[in-house]
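# Analysis of the macromolecular model
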Amino acid sequence: MGLLTGDTTLRPRAPVVVMTTEVLRNMLLAGSDLLEGLHTVILDEVHFIQDPYRGGVWEEVLVLSPPAVRFVCLSATVNNATELGDWLRTVRGDTAVIVERHRPIVLRHHFAVHRREDDETVLLPLFEDNGRPGVDGARVDAAVRRALHGRATHWQARGRGPRLPYRPPLRTELVEELDFCEMLPAIVFIFSRAACDDAVRQVVRDGVRLTDSAERRSIRAVAERRMTPLSDEDLHVLGYDEWLEGLERGVAAHHAGLVPLFRETVEECFASGLLKVVFATETLSLGINMPARSVVIERFSKYGGAGRAMLTSGEYLQLTGRAGRRGLDEEGHAVVAWSSEITFAEVARVASAPPPDLRSAFRPTYNLAVNLVARFDRDTAHEVLDRSFAQWQAHKPDLLARQLGHRLAVLQEFGYVDDWSLSPAGRRLSRIYHEADLLVAEALGSEVLTGAEPSVLAGVLSAVGFEPRRARRLPGHVLRRGKRRGQGHVQDRLGEKRTADLVRRCDTIAVMAERIRSVEEAHAVPRTRQPAPGLATAVASWVRGTSFSTALGVAGRDAGDLAPGDFVRTMKSVADLAQQVSHTAADAAVAASAREAVDLLLRGVVAGGLPS
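Residues numbered from 1 in each chain as written. Predicted model: local features only at pLDDT ≥ 70, side-chain atom pairs only at ≥ 80, totals over all residues. Heavy atoms only, no water.

## Re the overall build of the protein chain
The criterion, for reference: What counts as a helix is a DSSP run of H or I of at least four residues, what counts as a strand is a run of E of at least two, and both are numbered from the N terminus. Lys and Arg are tallied as positive, Asp and Glu as negative. Neither His nor the chain termini are counted. Taken as the charge centre is NZ of Lys, CZ of Arg, CG of Asp or CD of Glu, depending on the residue.
Broken down by element type, the protein chain carries 25 helices and 17 strands. Taken along its principal axes, the extent of the C-alpha atoms in the protein chain is 75 × 60 × 50 Å. Taken as two groups, the 77 positive and 79 negative side-chain charges of the protein chain have centres that lie 3 Å from each other.

## A short note on helix α1 (residues 21–30)
Spelled out, the test is: Here's how the labels work: a residue is buried when its accessible area is under 20% of the maximum for its type, exposed when over 50%, partly exposed in between, all with a 1.4 Å probe on protein chains only. For this analysis, residues touch if any pair of their heavy atoms sits within 4.5 Å.
Of all the 10 residues making up α1, 9 are buried; the element is thus mostly covered by neighbouring parts of the structure. Taken together, the buried positions of α1 are T21, E22, V23, L24, R25, N26, M27, L28 and L29. Buried residues along α1 sit in contact with β1 (2–4), β3 (17–19), β4 (40–43), α2 (55–64) and α13 (366–375). Downstream of α1 by a residue or two, G31 has a phi angle that is positive, lying close to 65 degrees.

## Regarding the side chain of T281
Relative to the helices and strands, T281 resides in the loop between β11 (277–280) and β12 (294–297). T281 gets classed as buried once you look at its relative accessible area, which sits at 10%. In contact with T281, not counting residues within four places along its chain, are F189, I190, S192, R193, C196, H254 and H255.

## Description of the nonpolar core
Convention followed: Residue types Ala, Val, Leu, Ile, Met, Phe, Trp, Tyr and Cys, when buried and joined through side-chain atoms within 4.5 Å, form a set referred to as a nonpolar core.
One finds L411 and F567 to be the most contacted residues of the largest nonpolar core, which totals 169 residues. Sorting elements by how many residues they give to this core places helix α23 (residues 564–584) first, with 8 residues. Leave out the neighbours within four places in its chain, and L411 touches Y366, A369, V370, Y416, V417, L429 and L438. Counting residues in each nonpolar core, the second largest holds 24 residues, with A112, L123, V175 and I190 among its members.

## Examining the sheet that holds strand β2 (residues 9–10)
What counts, and what does not: Two strands pair under a simple rule: DSSP has to find at least two bridges between them. Every axis in this analysis is a line fitted to C-alpha atoms, fitted for helices over the stretch in contact. Angles between the N-to-C directions lie between 0 and 180 degrees.
Reading across the sheet, the 3 strands line up as β2-β1-β3 and stay open at both edges, with mixed pairing between neighbours. Whereas interior strands pair on both sides, the edge strands pair on one side only; in this sheet they are β2 and β3. When β1 meets β3, the two strands line up parallel, connected through 3 bridges. In the strand pairing of β3, L3 is matched with V18. Contacts from α1 reach β1 and β3, with the element oriented near 105 degrees to β3.

## Observations concerning the confidence of the model for the protein chain
For clarity, the cut-off: Think of pLDDT as the predictor's per-residue confidence, scored from 0 to 100.
For the protein chain, per-residue confidence averages 89 on the pLDDT scale, and residues scoring 70 or more make up 92% of the total. Across residues 152–159 the pLDDT falls below 50, and counting only partners more than four positions away or on other chains, this stretch makes 13 contacts in the model. Predicted confidence for residues 470–488 stays below pLDDT 50, and this span has 49 contacts to residues more than four positions away or in other chains.

## Some points on the pattern of salt bridges
Heads up, the condition is: By definition here, a salt bridge exists when the distance from a side-chain nitrogen of Lys or Arg to a carboxyl oxygen of Asp or Glu is within 4 Å.
Inspection of the entire model under this criterion finds 33 salt bridges. For D198, the salt bridge goes to R201, with nearest N and O atoms at 2.3 Å. Of this pair, D198 and R201 both sit in helix α6 (residues 193–205), 3 residues apart, which is roughly one turn of that helix. With relative accessibility at 28%, the residue R201 sits in the partly exposed group. Here R557 and D558 are joined by a salt bridge, their closest N and O atoms 2.7 Å apart. One exposure class covers both R557 and D558, and it is buried. The network of salt bridges with common partners includes R225, R226, E264 and E268.

## Considering a nonpolar patch on the surface
Put simply, the rule is: For patches, a residue must show more than 30% relative accessible area and have no salt bridge; joins then use 9 Å for like charges and 5 Å for nonpolar side chains, namely Val, Leu, Ile, Met, Phe, Trp and Tyr. Using a 1.4 Å probe, the Shrake-Rupley method yields the accessible areas, and only the shown protein chains count as cover for residues.
On the surface, M1, V16 and V18 cluster together into a nonpolar patch covering about 290 Å² of accessible area. Mapping V18 onto the fold places it in strand β3.

## Overview of the environment of V347
Tracing the backbone shows V347 in helix α12 (residues 344–352). Given a relative accessible area of 0%, V347 falls into the buried group. Taking the C-alpha atoms as reference points, V347 and F300, separated by 47 residues in sequence, lie 7.8 Å from one another. Setting aside residues no more than four positions away along its own chain, V347 makes contact with F111, L126, F300, V336 and I342.

## Focus on the side chain of Q403
With respect to the helices and strands, Q403 occurs in helix α16 (residues 399–413). Residue classification places Q403 among the buried residues on the basis of a relative accessible area of 19%.

## Digging into unusual backbone geometry
Cis geometry is adopted by the peptide bond preceding P185, which originates at L184 and carries an omega value of 5 degrees. Counting through the fold element by element, P185 comes out in the loop between α5 (171–180) and β9 (186–189). Positive phi, normally seen in glycine, also occurs at D119, with a value near 55 degrees. Along the chain, D119 falls in the loop between β6 (106–115) and β7 (120–125). Judged by relative accessible area, which is 53%, D119 ranks as exposed. One non-glycine residue, D398, lies in positive phi territory at about 60 degrees. A residue is classified by how much of its surface remains accessible, and D398, at 41% relative accessible area, is partly exposed.

## Here we look at the environment of R378
Spelled out, the test is: Pairs of N or O atoms are called polar contacts if they sit within 3.5 Å, as long as, within protein, a hydrogen donor faces a hydrogen acceptor (for residues adjacent in sequence, only side-chain-to-side-chain pairs).
Take R378: it is sitting in helix α14 (residues 378–386). Between the alpha carbons of R378 and S421 there is a distance of 10.0 Å; along the sequence they are 43 residues apart. Beyond its immediate chain neighbours, meaning those up to four positions away, R378 contacts D419 and W420. Polar contacts involving the side chain of R378 include one to the side chain of D419, which spans 2.9 Å.

## Observations regarding the packing of helix α21 (residues 536–543) against helix α22 (residues 548–559)
The cut-off we apply is this: Our angle categories are set so that under 35 degrees counts as roughly parallel, over 145 as roughly antiparallel, 65 to 115 as roughly perpendicular, and the remainder as oblique. Handedness of each helix crossing follows the sense of rotation of the near helix against the far helix: counterclockwise by less than a right angle gives left-handed, clockwise gives right-handed. Under this grouping Gly is polar, as are all residues other than the nonpolar Ala, Val, Leu, Ile, Met, Phe, Trp, Tyr, Cys and Pro and the charged Asp, Glu, Lys and Arg.
Two numbers describe how α21 lies on α22: the axes approach to 8 Å, and their chain directions differ by 165 degrees. Viewed along their axes, α21 and α22 adopt a mutual orientation that is roughly antiparallel. α21 and α22 meet at a crossing whose hand is right-handed. From α21, T537, A538, S541 and W542 reach across to α22, where they touch F548, A551, V554, A555, R557 and D558. Counted by class, the contact of α21 with α22 contains 6 nonpolar, 2 polar and 2 charged residues.

Rendered as structure tokens:
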């Protein structure tokens, strides 16, 4: 078996290769010989078609793959499977829609509340045997309503407003109740990285220990084996000792802010039955094989683009899909913790509702536009777009063709296409796969990367992809805080001349982006994201060989605290883009500098977890 991701290539000619959908799309567009003889593609989590950032990739793969390739599309959260199947028949030929409504392991739904009356945490059935909402939960709603209307004076608080007869269970209380009910191991979903880390600290502080001595020895052995690539300094920066203490007690966090080696250790220990409780963000519910006996949803709402909103039936189904381990559990358990913002009746309604219909998020990108021009005549390109699920669902005729026309108008203004033919710049753009593909192509067509040494080149590329975000520091960080501008100096190993060169080139990239955004606005095209050079110095410092601790310190100085996992992911993303530059740049010196940057980026904690 082989593996292909943005930063990992392992036995790419194996009979079975696991790869990201983006890699497959890129190989299809490039006409890679690795796809010769391709027989079957399994698209796991095909409902990603509706993802606003990555969904288009799934559709491009389905539409652009050779006719002989068979597809198996898997999902647990597609309500309109018949519609999706009807569309697939138009693009892939004969398609069987198989809807399995029988769950291999029975799922029991529970509602967790803490009764003030007897200071007990209890799990109430969300549904009766007849499928109707549980009567005990209905009594909870009624008692809360009475308290809110002032008719339950027994629960009156000393302060303002009524004191409710119930409260959310504390994390330790809930863990202990699950342990008592023999419902461990459990995944507790908390929609905040920081809260996941806080939860581990809370249960450890409260003395929870869910492992025996043999399990603790096994956990330590796994952790020590996994941490072999890291130095003692790296482990200190990552808060290894505190993290290991939680592991040995049977609890851990799992989220994107952790470095891959930490996440992989948690996954291995949990899969081996050594860990009993993992506090995780919702990313664990997608694409990671970590089933549990129980799944707990700590809060039935989360923040999104429009503020806090209640979970949808599809999200509930996706999260609780991890409950129940084949061959190990007779039944799985889904537990929702009560809070004052949600009623028992609302949770029961969402839990029993079908998932929402799948909606396409596909839109033509600049890269797809030039590849369509390169591979097809105009009419055929429009036919390709007409075959998309987005056009299938659109109420406007030729919607995608019009969007393609807008993209091509921008590309024509910048000299990438001339009528329906590609310029050399257009051919270069056809090999760039990035959210800011046109900006990267403009950079390659200018002098902004010419003469840049590897560290500066990597720093400039980081500005193209970095998304400024508020990232909290994880436990155990020893970043040299207090050394922001004007408060001391972090040794970034760049020097004044190199720093000035980096700033100048980043400023040039920003000007390029603004020109692109101006043209996009004129042609009614969604605007390319503005570059963010906040991590440019940290990336350049890392390439120059600075320590992990110092690189995080530079990042903290320039862009705010950055979680180690975000740092690693950013370095890998920059390495992927630098790899593309090394294959695409017409300037041999730029290509060589980019190749060197890749090797220097993928070291230490960043390389940890990559196959050797």
